[in-house]
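Reading the structure
In case you want the letters, here they are:
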Amino acid sequence: MTNEQAVADIINLSEGDSSLANEIRELGGEELLECIQCAKCAAACPLALAGFSFFNKRVIQAVLMGLRDALLDDSSIWACQSCNRCTEICPREVNPFEIIQAMRRVAIREFALPTLSIEGLKSLYDTGHAVYLAGAGNTRNKVGLPEKPPSTVANPEALKELQAILRKTALAELGIIPMEEPGV
Ligand code: SF4
Ligand code: SF4
């Protein structure tokens, strides 16, 4: 089998979804077509270092090839750390981070959410943090920090305000996490 045949077995371009690129551009990835696949963003990306299949450059490549199902079946887009290194380094001002965010929006529209992201949303609603280590109080004390961080965790009124805002977003319409009003 030639290399070309092997690649054809993995990716069938005739099955690509040509509408995906436009969808991404409408959802925040306006500069998608400026990408020249130079891979500078990949060199700066923790996802690439950690071995995820779809880091910034590859997400863009897959979007341009219309590989909607491959992107939605993989958890890579949810592992982006929002570090924005890719945005800073890109010579074409593509803003790959925004393209990953746009792909997340596509996934949310299609309810293609991994368990991890649902847990993160639930934690965001319950504490104000997508990731919150509730059991870290002792460790914080040991290094001279207050038991709770100075955020919504230590400020119930601010948390209530955040929850009221979240209940007015599309997240509430999706119904994927419980979002009761306190006291209801
Ligand atoms: S997004 Fe920018 S840095 Fe990344 S491959 Fe495309 S042009 Fe290069
Ligand atoms: S923002 Fe996301 S995609 Fe960009 S370098 Fe950081 S982890 Fe990678």
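Residues numbered from 1 in each chain as written. Chains lettered and ligands numbered in written order. Predicted model: local features only at pLDDT ≥ 70, side-chain atom pairs only at ≥ 80, totals over all residues.

Per an unreviewed UniProt entry, the protein goes by the name CoB--CoM heterodisulfide reductase subunit C and belongs to Desulfofundulus australicus DSM 11792.

**Thoughts on the overall build of the protein**
What counts, and what does not: To qualify as a helix, a DSSP run of H or I must reach at least 4 residues; to qualify as a strand, a run of E must reach at least 2; elements of each kind are numbered from the N terminus. Every C-beta atom is placed from the backbone, and the number of other C-beta atoms within 10 Å of a residue's own sets its class: buried at 20 or more, exposed at 12 or fewer, partly exposed in between. Contact between residues is assigned whenever the C-beta positions, reconstructed from backbone atoms, fall within 7 Å.
A tally of regular secondary structure across the protein gives twelve helices and zero strands. Going from N to C terminus, the protein has its helices and strands arranged as α-α-α-α-α-α-α-α-α-α-α-α. Each principal axis of the C-alpha atoms in the protein carries an extent, and together these give about 60 × 40 × 30 Å. Expressed as a percentage of the 184 residues in the protein, the buried residues total 21%. When contacts within the protein are restricted to residue pairs at least 6 apart in sequence, those whose partners lie at least 24 apart make up 61%.

**Notes on the site of ligand 2**
Heads up, the condition is: Each residue gets a C-beta atom placed from its backbone. Should that atom fall within 6 Å of a molecule or strand, the residue is termed near it. Residues were grouped as follows: Ala, Val, Leu, Ile, Met, Phe, Trp, Tyr, Cys and Pro as nonpolar; Asp, Glu, Lys and Arg as charged; and all remaining residues, including Gly, as polar.
In the vicinity of ligand 2, 16 residues are found, and the nearest of them are Cys45, Asn56, Cys80, Cys83 and Cys86. The set of elements that each furnish at least two residues to the shell around ligand 2 consists of helix H4 (46-50), helix H7 (85-89) and helix H8 (96-109). Here the shell around ligand 2 takes three residues from H8, the largest share from any one element. Residues of the shell around ligand 2, tallied by class, amount to eleven nonpolar, four polar and one charged.

**What to know about the site of ligand 1**
The environment of ligand 1 is formed by 14 residues, the closest being Cys35, Cys38, Cys41, Cys90 and Val94. For the shell around ligand 1, the element with the most residues is helix H5 (residues 56-64), which contributes three residues. For the shell around ligand 1, the residue count by class is nine nonpolar, two polar and three charged.

**Observations concerning H8**
Rules: To estimate the expected span of a helix, subtract one from its residue number and multiply by 1.5 Å.
A rise of 1.5 Å per residue sets the reference length of H8, with its 14 residues, at 20 Å; its end C-alpha atoms lie 20 Å apart and thus fit the reference within 8%. The set of residues buried in H8 consists of Pro96, Phe97, Ile99, Ile100, Ala102, Met103 and Val106. Packing partners of the buried residues in H8 comprise helix H2 (20-26), helix H3 (40-44), H5, helix H6 (68-72) and H7. Positioned one or two residues after H8, Phe111 has a phi angle of 55 degrees, which is positive.

**What to know about the domain arrangement of the protein**
Rules: What fixes the domain bounds is an automatic or database domain assignment.
Taken domain by domain, the protein holds domain 1 (3-109) and domain 2 (115-174). Between the C-alpha centres of domain 1 and domain 2 the distance comes to 29 Å.

**Comments concerning the environment of Lys148**
Along the chain, Lys148 turns up in the loop between helix H10 (137-142) and helix H11 (156-167). Assessed through the 16 C-beta atoms surrounding it within 10 Å, Lys148 is described here as partly exposed. Those residues in contact with Lys148 that sit more than four places away from it in its chain are Gly137, Val153 and Ala154.

**Here's the deal with the packing of H5 against H8**
The criterion, for reference: Axes here mean lines fitted to C-alpha atoms, for a helix over just the part in contact, with angles spanning 0 to 180 degrees between N-to-C directions. For classification purposes, angles smaller than 35 degrees are called roughly parallel, those larger than 145 roughly antiparallel, those between 65 and 115 roughly perpendicular, and all remaining angles oblique. For any helix crossing, the convention is left-handed if the near helix is rotated counterclockwise from the far helix by under a right angle, and right-handed if that rotation is clockwise.
In the contact formed by H5 and H8, the axes pass within 9 Å of each other and the chain directions differ by 55 degrees. As far as their axial angle goes, H8 and H5 are oblique. Handedness of the H5/H8 crossing: left-handed. Contact with H5, carried on its side by Asn56, Val59, Ile60 and Val63, involves Pro96, Ile99, Ile100 and Met103 of H8 and no other residues of that element. Grouping the amino acids of the contact of H5 with H8 by side-chain chemistry returns seven nonpolar, one polar and no charged.

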